[in-house]
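Letter by letter, the chains look like this.
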Amino acid sequence: DALGQDKKLDDALALYQQMKASGIALDGVVFNVLLKGFVTAGRVAEAMQLFEEMKQNSTPGVVTYNTLINGLGRTGRLGEALQAFAEMSEMGFTPNLVTYNVLVSACGKANMLEQGFKIFEQMQKNGVAPDVITYNALLFGIGKSGQMDRAYKLFEEMKKQGIVPTKVTYTTLMQGAGHAGHCDQILTLLEEMKKKGGFVDLIAYNIVIDKLGKAGRVKEACDIFSQMKADGFAPDVITYNAVMYGLRKAGKTNEAYKYCGEMEAAGIRPN
RNA sequence: GGGUCUCGUCGG
């Protein structure tokens, strides 16, 4: 699993072959881990091949299906993901919270928001209660489709249901507000996150700086950049790219170069 | 008893 996460999937495969050759018994978890490796590397064909192999050995389980559905969904193959979802039920596996979350998330990314809401309803009919990840995934899809009024309604609704928003909820709303061009909302959300304590993180600052810069509010972007450092956050390459993009867009190329120098001085490699 | 699955950030 560690090798697979670390872009060393082929080393993981070698280890797997070695295990097989030494006659070590391989259980379903080993296969799931490999499947996940293929899926995160975008090697879907090999993932499908391994999955077929697993079926011969009758090692697939709910986690296997979830991993596979996630892989299909995140590579834009929503149709195949839904097919795998149907198949798992036929095989007698009961979809769990993760299964539904993977599907809702895939729908949002694929601009199939209404399909996502259908699954949201279906899970509840089947007695699976949505959690904060489900709502965050829906908010992502709503934000991507530019319907922020609907996003704020769902945000209120989730709280009414007793779901506690996380920092991901807030940054997801920020992104949506950015898509809709609502920079002031982003700043309001940042203030709310600060009040919560412990909600503001590097990603939140990166989003704020990016959106302000793209909206031409480059002075504010630079101010937030200073503020994040004052708050003890170290800008990363994404932060620097975002400020520099905004500065360059505003024609402040010299200013952008200053940040570039600062970045290198901070030991951050340009990408 | 433990190990595997799901949500948010830039540029290209």
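Residues numbered from 1 in each chain as written. Chains lettered and ligands numbered in written order. Predicted model: local features only at pLDDT ≥ 70, side-chain atom pairs only at ≥ 80, totals over all residues. Heavy atoms only, no water.

A. Spotlight on the protein's contact with RNA strand B. Contacts to RNA strand B come from 33 residues, most closely from Asn32, Asn66, Asn136, Lys214 and Asn241. Contact distances for RNA strand B include 2.7 Å between a phosphate oxygen and a side-chain N or O atom of lysine 214. With respect to RNA strand B, the side chain of asparagine 241 contributes an N or O atom lying 2.7 Å from a base oxygen. When contributions to the surface near RNA strand B are tallied by element, the ones reaching two or more residues are helix H3 (28–40), helix H5 (62–74), helix H7 (97–109), helix H9 (132–144), helix H11 (167–179), helix H13 (202–214) and helix H15 (237–249). Among the residues forming the surface near RNA strand B, the class breakdown is twelve nonpolar, 13 polar and eight charged. (Near = heavy atom within 4 Å. Polar contact = N/O pair within 3.5 Å; in protein donor to acceptor, adjacent residues only side chain to side chain. Helix = DSSP H or I, 4+ residues; strand = E, 2+ residues; numbered from the N terminus. Nonpolar A, V, L, I, M, F, W, Y, C, P; charged D, E, K, R; others polar.)

B. Structural view of unusual backbone geometry. Even without a glycine there, the phi angle at asparagine 111 is positive, about 60°. Tracing the backbone through its elements, the reader meets asparagine 111 in the loop between H7 and helix H8 (113–125).

C. A look at the packing of aromatic side chains. Inspection of the entire model under this criterion finds eleven aromatic pairs. Counting every residue linked through ring pairs, the aromatic cluster contains Phe51, Tyr65 and Phe93. When the ring centre of tyrosine 245 is taken as origin, the NZ or CZ atom of lysine 214, which lies over that ring, is 5.5 Å away. In this structure, arginine 248 packs its charged tip against the face of tyrosine 245, placed 5.2 Å from the ring centre. (Phe/Tyr/Trp six-rings, centres within 6.5 Å; stacked < 30°, edge-to-face > 60°. Lys NZ or Arg CZ within 6 Å of the ring centre and 35° of its normal.)

D. View of the nonpolar core. Among the nonpolar cores identified, the biggest contains 81 residues, and Ile69, Met174, Ile209 and Tyr259 are the most heavily contacted of them. Once you skip the residues sitting within four places of it in the chain, isoleucine 209 turns out to touch Ala221, Ile224, Phe225, Met228, Thr239, Ala242 and Val243. (Core = buried A, V, L, I, M, F, W, Y, C linked by side-chain atoms within 4.5 Å. Buried < 20%, exposed > 50% of the residue type's maximum accessible area, 1.4 Å probe, protein only. Contact = heavy atoms within 4.5 Å.)

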